[in-house]
Amino acid sequence: MLQAPDLPSIFFYIIFHGLPITLILTAHGLIWGFLIGLLLALMRVYGTREIEWVAIAYEKVFRGIPLLVLIFLFAFGVPGLFWFIDPLYRTLAAVILSLALRSGAYQSQILRGAILSVNPGQQLAARALGMSRLQAFRYVVMPQALRMALPSWSNEYAVVIKDTTFASAVGIIEMLRVTFRVVANNPEMLFPPLVILAIIYLIFTYPITRFFGERQTQKLKDLGLGG
Amino acid sequence: MEKPLLQVKNIWKAYDELQVLKGVSFDVEEGEVKVIFGPSGSGKSTLLRCINMLTPPDKGTVILQGTNLMDSDTNLNMIRSKIGMVFQHFNLFLHLKAIDNVSLGPRRVLGLSKDEATERALDALIQVKMEKWADHYPAQLSGGQQQRVGIARALVMNPVLILFDEPTSALDPELIGEVLQVMLDIAKSGTTMVVVTHEMGFARAVATEMIFIDEGVIVEKGTPRHFAISPETERAKQFLHRLEVLYGHHEELLEPEDKEEGNS
Amino acid sequence: MIQVLPRWLEDLLTVLSYSDELIAGLSTTLSLYFTALIMGFFLGLGFAIGRQYGGIITSRISTAYIELIRGTPLLVQLFLFYFFPYSLSATLELLGLLPLPLDWSIQIIGPGGQVITILNHRILTCYLMLGLNSTAYQAEYLRGAIASVSAEQLLAAQSLGLSRAGGIRSIVLPQSLRRVIPSWSNEAAYLPKYTVVAYFIGVEDLFAAAHFIVARTFLTLTTYLLVALIYLVLVTVISRILDYVHDRTKIPGL
Ligand SMILES: Nc1ncnc2c1ncn2[C@@H]1O[C@H](COP(=O)(O)OP(=O)(O)O)[C@@H](O)[C@H]1O
Ligand SMILES: [Mg+2]
């Protein structure tokens, strides 16, 4: 670290050293969470009572436990959980697993709502054309559901990227941890690095939630979806 | 004599306790236009959905071109691709432009290439006079325009039979004419149609036979002329009278030569 | 004869022998939760009304506050809030002003004249920051509910001769407060989980208790599972209660 760093160099230092891991955690959490969420949503919408019950139970459990507890549980509670991974990356894997399992529970709700809001008449029309159930889902329900999910998704993205800060507790060098490194090296500057971190977060959340929250919602309304 | 295109025999259907269809039978010959009418809740929509098995009947048989659709080894998706369906509320795919709504079936069900499917879709849109609106999304179209796209979506599959479920009853009165006109054109080109509608003008113009359904049974059958002049059952008489009071006539929407017949 | 207990049960009993720590931690967690929820509700209501009905400045400020809080991680907010007084006194010192030993705490003068700290800097930081954070989220839910009560309702109230404030208070709010319950339940069920941030600045909440137990016993799996279960039960009970309240307060026909 430079001596008596100026604010822009703190900004870039945090971005340079912390952002990659923050984004990796976020992307993995969201993508795996999406796959889990999609599976759960399908289980809930199309499954038998028993299958639906399993999905509901999953959601309840992972929406009820703090992320930090999940992280510690998977990082330290189950040694050998990631025996197949280089020990260097096991904690990272535990964090990703926690983020994904929890995000899956929330994304399931988002997707389920979106799937249910596609009016059933369109599925009927697709079936009447001779499409199989799967085709009707793939070409008619899913494209609309994914679009309708976008605004809620942007919120979920914001939740996940903000919550990657919890990974700092188990030693992952994400942006918050890097910020504390700056603070440790420059004890006289307690406050500015944290303010800069907050600004970085704003840059990575606000434009996206705003774009999807407002512009996309308007676009959906223009399509006659979701309004 | 040649076998009928479609044979519907003794169809029964119940939703839980509610017995909706109680033994409905009729045949549809090739090139025929069957008009089905009757009070709301009498089971007309259910009957149409039983014909293409979107709602499988509890009992009875449906035979299309010699294939029994109730057989468990019948490929229903293949059969459905040969039966067009037009819905009361259009049910267009909201995320697709008009042209893509129409080409989706040819592409995904008939397996045509994108270009071929689009070309065919455009032909179908021309048939319903909607080619100018090909690039519009459903939400940008009026109800009448949406319904014409819905008809094109059925036409494009070259179906042997098209089912219409009250295609004009969700439309504002001034938009009904354009849809009926398209349906007339299709009927006159020899397409076999089963149409649930209360548009008596349309029925008089092209129906080969009309079927009056009430409470899940066929109460009376006859030509448009028969129902216009001498309906036999009290229920049909009353219902037709109510229709006239409620809806009036849309004869003025039809072309001159139809009008004369309609006024008879 | 000595009955040998299964291993997991033995572990569980060992962890449960720290029930004092667990209970103390849980009560801290609960007090953080309820304080933040209640504080967030009243402040959030203020911000929601400010954003919806306030003049341009009030509504801008409310909006900015809500977006700032929602756009940044709670942990970062917590640390900022935690360090703020230190940073402030450091700055004052730098400027040659009186270096006050600043921190957030509530103290009273005891009967003997001695200073008693009721809430120390750490815990007070948590109470306030969790509350301020929840304020923003609750404000958004409340505003959504207020906006969903049609503007005509307020016009109708005013046409009866009610003032604008009177209309908001007696017509708009009663309706929106009922409507907000389902979405507000989300925040109410989110918040208990986020009280774990307290652990990061050394407050002895439930999670810190777990940490303490792990340090003593090394029973990581049992401890973290047990704590996970406690949080789960807590969140479930809260959701159930809110569902019940929602059922009881529904406006018939809506
Ligand atoms: N999917 C369904 N589940 C349960 N009841 C239904 C369903 N579809 C239709 N019904 C009931 O069956 C009866 C006939 O409906 P329908 O066939 O739509 O009549 P129509 O088209 O003649 O108005 C009505 O009482 C309706 O409520
Ligand atoms: Mg119907």
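None of the values given here were measured: they were computed from a predicted structure. (Residues numbered from 1 in each chain as written. Chains lettered and ligands numbered in written order. Predicted model: local features only at pLDDT ≥ 70, side-chain atom pairs only at ≥ 80, totals over all residues. Heavy atoms only, no water.)

(A) Highlighting the overall build of chain B. A tally of helices and strands in chain B yields 10 helices and 10 strands. Taken against the 2.2 N^0.38 rule, which gives 18 Å for 264 residues, the C-alpha radius of gyration of chain B at 18 Å falls within 12% of a compact globule. A principal-axis box enclosing the C-alpha atoms of chain B has dimensions of 55 × 45 × 40 Å. Burial analysis of chain B (264 residues in total) assigns 56% to the buried set. Intrachain contacts of chain B at a sequence separation of at least 6 include 65% that bridge at least 24 residues. As presented, chain B carries roughly 11600 Å² of accessible surface, and 48% of it is formed by carbon and sulfur atoms. Charged side chains in chain B number 27 positive and 38 negative. The centres of these two groups are separated by 4 Å. (Helix = DSSP H or I, 4+ residues; strand = E, 2+ residues; numbered from the N terminus. Rg over C-alpha atoms; globule rule 2.2 N^0.38 Å. Buried < 20%, exposed > 50% of the residue type's maximum accessible area, 1.4 Å probe, protein only. Contact = heavy atoms within 4.5 Å. Areas by Shrake-Rupley, 256 points an atom, 1.4 Å probe, with all protein chains shown as cover. Lys, Arg positive; Asp, Glu negative; His and termini not counted. Charge placed at Lys NZ, Arg CZ, Asp CG, Glu CD.)

(B) Summary view of the overall build of chain A. A tally of helices and strands in chain A yields eight helices and zero strands. Walking chain A from its N terminus toward its C terminus, one meets helices and strands in the order α-α-α-α-α-α-α-α. Within chain A, the fraction of its 227 residues that count as buried is 52%. In chain A, the share of contacts with a sequence separation of at least 24, taken over all contacts with a separation of at least 6, comes to 77%. Just so you have it, chain A exposes about 10100 Å², and 67% of that area is on carbon and sulfur atoms. A gap of 10 Å separates the mean positions of the 18 positive and 11 negative side-chain charges of chain A.

(C) Main features of unusual backbone geometry. Not every positive phi belongs to a glycine, and M53(B) is a case in point at roughly 65°. Structurally, M53(B) can be placed in the loop between α1 (44-51) and β4 (59-64).

(D) Spatial organisation of the sheet that holds β4(B). Residues and elements named next belong to chain B. In space, the four strands of this open sheet follow the order β2-β1-β4-β5, with antiparallel pairing throughout. The strands lining the two open edges of the sheet, one partner per strand, are β2 (18-28) and β5 (67-68). The sheet contact formed by β4 and β5 spans two bridges and is antiparallel. From the neighbouring strand, L64 faces β5, where its bridge partner is T67. (Pairing = 2+ DSSP bridges.)

(E) Representation of the interface of chain A and chain B. Chain A puts 22 residues into the contact, and the matching count from chain B is 22 residues. Together chain A and chain B conceal approximately 1900 Å² of surface at their shared face, both sides included; 66% is due to carbon and sulfur atoms. On inspection of chain A and its partner chain B, the count reaches zero salt bridges. Of all the elements in the fold, those that place two or more residues in the side of chain A that touches chain B are α5 (120-128) and α6 (133-163) of chain A. Here the element with the most residues in the side of chain A that touches chain B is α5(A); it accounts for seven residues. (Buried area = accessible area lost by both parts, 1.4 Å probe. Salt bridge = Lys/Arg side-chain N within 4 Å of Asp/Glu carboxyl O.)

(F) How the structure looks around the site of ligand 1. All names here are of chain B. Near ligand 1 you find Y15, L18, V20, P39, S40, G41, S42, G43, K44, S45, T46 and R49, and these make up its full shell. The side chain of S45 places a nitrogen or oxygen atom 2.6 Å from an oxygen atom of ligand 1. When ligand 1 sits alone it has 550 Å² of accessible area, and the protein chains cover 59% of it. Elements that contribute at least two residues to the shell around ligand 1 include exactly β2 and α1. In terms of residues, the shell around ligand 1 owes the most to one element, α1, which gives four residues. (Near = heavy atom within 4 Å. Polar contact = N/O pair within 3.5 Å; in protein donor to acceptor, adjacent residues only side chain to side chain.)

(G) Representation of the pairing of β2(B) in the model. Residues and elements named next belong to chain B. Summarising the sheet, strand β1 (residues 6-15) and β2 pair through eight bridges and their orientation is antiparallel. Note that in β2 the partner of Q7 across the bridge is D27. Between β1 and β2, which pair antiparallel and follow one another directly, the connecting turn spans two residues, one of which, D16, has a positive phi of 50°.

(H) Seen up close, the interface of chain A and chain C. In this assembly, 34 residues from chain A lie in contact with 34 residues from chain C. Contact between chain A and chain C buries roughly 3100 Å² in total, counting both sides, with carbon and sulfur atoms accounting for 78%. Summed over the shared surface of chain A and chain C, the number is nine residue pairs in polar contact (both at pLDDT 80 or more). Contributions of two or more residues to the side of chain A that touches chain C are made by α2 (49-64), α3 (67-77), α4 (90-117), α6, α7 (175-185) and α8 (191-222) of chain A. Ranked by residues supplied to the side of chain A that touches chain C, first place goes to α8(A) with nine residues.

(I) A look at the packing of helix α4 (residues 74-94) of chain C against helix α5 (residues 121-148) of chain C. All names here are of chain C. Where α4 meets α5, the axes come as close as 10 Å, and the angle between the chain directions of the two elements is 130°. Our classification of the angle between α4 and α5 gives oblique. When you trace α4 past α5, the crossing you get is right-handed. Between α4, through L74, Q77, L78, F81, Y82, P85 and Y86, and α5, the contact on the second element is made entirely by H121, R122, T125, C126, L128, M129, L130, L132 and N133. The residue inventory of the contact of α4 with α5, partitioned by class, reads 11 nonpolar, four polar and one charged. (Axes fitted to C-alpha atoms, helices over the stretch in contact; angles between N-to-C directions. Parallel < 35°, antiparallel > 145°, perpendicular 65-115°, else oblique. Left-handed = near helix turned anticlockwise from the far one by under 90°. Nonpolar A, V, L, I, M, F, W, Y, C, P; charged D, E, K, R; others polar.)

(J) Looking closely at the packing of aromatic side chains. Scanning all chains against the criterion turns up 32 aromatic pairs over all chains. Between the aromatic rings of Y106(A) and Y190(C), the centroid separation amounts to 5.4 Å while the plane-to-plane angle is 45°, which identifies the pairing as tilted. Of this pair, Y106(A) sits in helix α4 while Y190(C) sits in helix α7 (residues 164-194), which puts the two residues in different chains. Overall, the relative accessible area of 10% leaves Y106(A) in the buried class. Taking the centre distance of 4.9 Å and the plane angle of 85° together, the rings of Y199(C) and F207(C) count as edge-to-face. Classification of F207(C) by relative accessible area gives buried; the value is 0%. By way of ring pairs, the aromatic residues F72(A), F76(A), Y106(A), F166(A), Y190(C), Y194(C), Y199(C), F200(C), F207(C) and Y224(C) are connected into one cluster. Directly above the ring of W12(B) sits K59(B), whose terminal nitrogen or CZ lies 5.0 Å from the centroid. (Phe/Tyr/Trp six-rings, centres within 6.5 Å; stacked < 30°, edge-to-face > 60°. Lys NZ or Arg CZ within 6 Å of the ring centre and 35° of its normal.)

(K) Just the sheet that holds strand β3 (residues 33-37) of chain B, in detail. Residue and element names in this part refer to chain B. Read from one edge to the other, the open sheet built from six strands follows the order β6-β7-β8-β3-β9-β10, with strand pairing classed as mixed. Each having just a single partner strand, β6 (83-86) and β10 (217-222) make up the two edges of the open sheet. Neighbour to neighbour, the strand axes of the sheet diverge by 20° on average, direction disregarded. Against the sheet, helix α5 (residues 143-155) touches β6 and β7 (161-165), its axis set at about 170° to β6. Against the sheet, helix α6 (residues 173-188) engages β3, β7 and β8 (193-196), with an angle of about 150° to β8.

(L) Empty space enclosed by the protein, seen in detail. Scanning the entire structure with this criterion turns up two cavities of 30 Å³ or more. The calculated volume of the largest cavity comes to roughly 60 Å³. Every residue lining the largest cavity is counted, 13 residues in all, and those nearest its centre are A128(A), L129(A), G84(B), M85(B) and A154(B). Within the lining of the largest cavity, the residues separate by chemical class into eight nonpolar, three polar and two charged. Approximately 50 Å³ is the volume attributed to the second largest cavity. Along its surface, the second largest cavity is lined by I65(A), P66(A), L67(A), R102(A), D163(A), F166(A), K193(C), Y194(C) and V196(C). The residue makeup of the lining of the second largest cavity, split by class, is six nonpolar, no polar and three charged. (1 Å grid on protein atoms, 1.4 Å probe; cavity = no way out; pocket = protein on both sides within 12 Å on 5 of 7 lines; lining within 4 Å. Points joined across faces, edges and corners; volume = space filled by probe spheres on them.)

(M) Structural detail: α3(A). Among the 11 residues that make up α3(A), nine are buried, leaving the element largely enclosed by the rest of the structure. Along α3(A), the residues classified as buried are L67(A), L68(A), V69(A), L70(A), I71(A), F72(A), L73(A), F74(A) and G77(A). Its buried side turned inward, α3(A) meets α2, α4 and α6 of chain A together with α8 (206-217) and α9 (220-249) of chain C.

The values reported here are purely geometric and, on their own, carry no functional implication.
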